[in-house]
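# Notes for the structure review
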Amino acid sequence: VAAAVFPDTGRAWVVGVTGPPGAGKSTLVDGLVACARAGGARIAVVAVDPSSPLTGGALLGDRVRMQGHATDPGVFVRSMATRGYPGGLARATRGAVRVLDAAGWPWIVVETVGAGQVDVDVAGAADTLVVVVAPGWGDALQADKAGVLEVADVHAVNKADRPGADETARDLAAARPGVEVVKTVATTGEGVAALWDAVARHRARLTAAGEVEARRAAGLAHEVRALVEQDALARARARTGGPAFDAVLEEVAARRLDPLAAAMRVSAG
Ligand SMILES: Nc1nc2c(ncn2[C@@H]2O[C@H](COP(=O)(O)OP(=O)(O)OP(=O)(O)O)[C@@H](O)[C@H]2O)c(=O)[nH]1
Ligand SMILES: [Mg+2]
């Protein structure tokens, strides 16, 4: 379906919301949904759930957190679990976003846990990427490790009711000049309207600068390259045979074969 509707996509504005586990992304997204609705806009949410033992139960949590909009026909919320999508999560998420886009949802929010490459890839498909961190260095460092800080379009320092929010906001502002930093308390709604305004300003800036198409083209090119790489690796593994592939890796680990030679042996099948 995602392939069939692809020609009809590109009309929605996709807002990525990423950040470390428990930073308050879902609570914040719920607040952003309320802002969109207050402005009369229909909005869809795709929440990517890692379903790891650490955050198990978050799927149900997301539903509970977004329940306030459950009966609003102008809101669509869908959680997608990582479990059962080994390596295919990015593909499945992008597909869901494209179906929603083609179906005419003007705003689509994608929540991912910014802790791995898949999440970075999904976040990279956003028109506006919001990176959420809580006060303190731990969260910022984790976001940084995942590589999302440097691609953020808007920073949210959530849990600003906790100590250290000002310092974290200052550090982010210093690290990324020109990127808006908004302090929020998602649980009370404080600063959430300001965050929605910052997203709208980023959209307006990108649009006025005529950069939307180029940004989307770069994102699509990245997606195609990543798929080709995945496919090439899968083919090489299948051609070589799983155990033989692993045997080559063992040769490298034992330093009897160098990585380049190993790659060439595997690619040649
Ligand atoms: N004190 C405080 N707590 C908050 C704030 N925002 C969220 N929380 C709480 O933090 C916890 C995690 O919030 P979530 O919205 O589930 O965070 P998340 O980033 O979506 O979590 P995952 O999707 O599991 O990574 C919940 O107990 C929230 O009530 C805030 O601004 N201040
Ligand atoms: Mg969440």
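Here's what I pulled together on the structure shown here. (Residues numbered from 1 in each chain as written. Chains lettered and ligands numbered in written order. Predicted model: local features only at pLDDT ≥ 70, side-chain atom pairs only at ≥ 80, totals over all residues. Heavy atoms only, no water.)

### Describing the overall build of the protein chain
We count it as follows: Per the convention used, a helix needs a DSSP run of H or I reaching at least four residues, while a strand needs a run of E reaching at least two, with both numbered from the N terminus. With a 1.4 Å probe rolled over the protein chains alone, any residue whose accessible area is under 20% of its type maximum counts as buried; one over 50% counts as exposed, and the rest are partly exposed. Contacts are assigned to residue pairs that have any heavy atoms within 4.5 Å of one another.
A tally of regular secondary structure across the protein chain gives 11 helices and seven strands. Out of the 269 residues in the protein chain, the part that is buried amounts to 44%. In the protein chain, of all internal contacts separated by at least 6 residues, the share reaching a separation of at least 24 is 75%.

### Quick word on the sheet that holds strand S6 (residues 154–157)
We apply this condition: When DSSP finds two or more bridges between a pair of strands, those strands are recorded as paired. Think of each axis as a best-fit line through the C-alpha atoms, taken over the contacting stretch in the case of a helix, with angles from 0 to 180 degrees between the N-to-C directions.
The strand order S3-S2-S4-S1-S5-S6-S7 describes an open sheet built from seven strands, whose pairing is parallel. The open sheet is flanked by strand S3 (75–81) and strand S7 (180–183), the only strands paired with a single partner. Ignoring which end each strand starts from, the neighbouring axes of this sheet average 20° apart. Pairing of strand S2 (residues 43–49) with strand S4 (residues 107–113) involves five bridges; the strand directions are parallel. By the bridge assignment for S4, Ala-47 is matched with Glu-111. Sheet strands touched by helix H8 (residues 192–208): strand S1 (13–19), S2, S4, strand S5 (128–133), S6 and S7. Its angle to S7, the strand with the most contacts, is close to 165°.

### Some remarks on the packing of helix H2 (residues 25–38) against H8
Rules: Here is the rule for angles: anything less than 35 degrees is roughly parallel, anything more than 145 is roughly antiparallel, 65 through 115 is roughly perpendicular, and the remaining ranges are oblique.
Packing of H2 against H8 brings their axes to within 9 Å, and their N-to-C directions diverge by 70°. Accordingly, the angle class assigned to the pair H2 and H8 is roughly perpendicular. For the pair H2 and H8, contact is made by Leu-28, Gly-31, Leu-32, Cys-35 and Ala-36 and by Val-192, Ala-193, Leu-195 and Trp-196, respectively.

### So, unusual backbone geometry
Phi is positive for Lys-159, close to 60°, though the residue is something other than glycine. Among the structural elements, Lys-159 can be located in the loop between S6 and helix H7 (165–175). Look at Lys-159 and you get partly exposed, because its relative accessible area is 21%. Of note, Arg-255 is a non-glycine position whose phi angle comes to about 65°, a positive value. When its relative accessible area of 77% is taken as the criterion, Arg-255 is described as exposed.

### Thoughts on the coordination of the magnesium ion (ligand 2)
Short version of the rule: Metal coordination here is assigned from N, O and S atoms located within 2.8 Å of the ion, or within 3.2 Å for Na, K and Ca; omission of water means that sites may look incomplete.
Coordination of the magnesium ion (ligand 2) by the protein comes from Ser-26 (OG) and Glu-111 (OE), over a distance range of 2.1 Å. Taken as a pair, Ser-26 in helix H2 and Glu-111 in strand S4 lie far apart in primary sequence, 85 residues in all. Given the relative accessible area of 6%, Ser-26 is considered buried.

### As for the side chain of His-155
Relative to the elements of secondary structure, His-155 occurs in strand S6. Beyond its immediate chain neighbours, meaning those up to four positions away, His-155 contacts Val-131, Leu-149, Leu-172, Arg-176, Val-179, Glu-180, Val-181 and Val-182.

### A short note on the nonpolar core
Counted only if it meets this: Put simply, buried Ala, Val, Leu, Ile, Met, Phe, Trp, Tyr and Cys residues joined by side-chain atoms within 4.5 Å make one nonpolar core.
In this structure, Val-15, Val-17, Ile-43, Trp-107, Val-130 and Leu-195 are the most contacted members of the largest nonpolar core, which totals 29 residues. Those elements that place two or more of their residues in this core are S1, H2, S2, S4, S5, S6 and H8. The contacts of Val-130, once residues within four sequence positions are left out, are Val-15, Gly-16, Val-17, Thr-18, Val-154, Ala-156, Leu-195 and Val-199. Listed in part, the 13 residues of the second largest apolar core include Val-14, Val-46, Val-97 and Leu-100.

### Looking at the environment of Arg-265
Topologically, Arg-265 is positioned in helix H11 (residues 259–268). In contact with Arg-265, other than residues within four places in its own chain, are Val-248 and Leu-257.

### Describing the packing of aromatic side chains
This is how it is decided: Stacked, tilted and edge-to-face are the three classes applied to pairs of Phe, Tyr and Trp rings, where Trp contributes its six-membered ring and a pair requires centres within 6.5 Å; stacked means planes under 30 degrees apart, edge-to-face means over 60, and tilted covers the rest.
In this structure the tally under the stated criterion is two aromatic pairs. Between Phe-76 and Trp-105 the ring centres are 6.2 Å apart and the planes differ by 50°, which places this aromatic pair in the tilted class. Taken as a pair, Phe-76 in strand S3 and Trp-105 in the loop between helix H4 (89–102) and S4 lie far apart in primary sequence, 29 residues in all. Exposure remark for Phe-76: the relative accessible area of 34% places this residue in the partly exposed category. The exposure class of Trp-105 is buried, given its relative accessible area of 11%. Aromatic pair Trp-107 and Trp-196: ring centres 4.6 Å apart, planes at 50°, arrangement tilted. Taken together, the positions of Trp-107 in strand S4 and Trp-196 in helix H8 put the pair 89 residues apart, joining distant regions of the chain.

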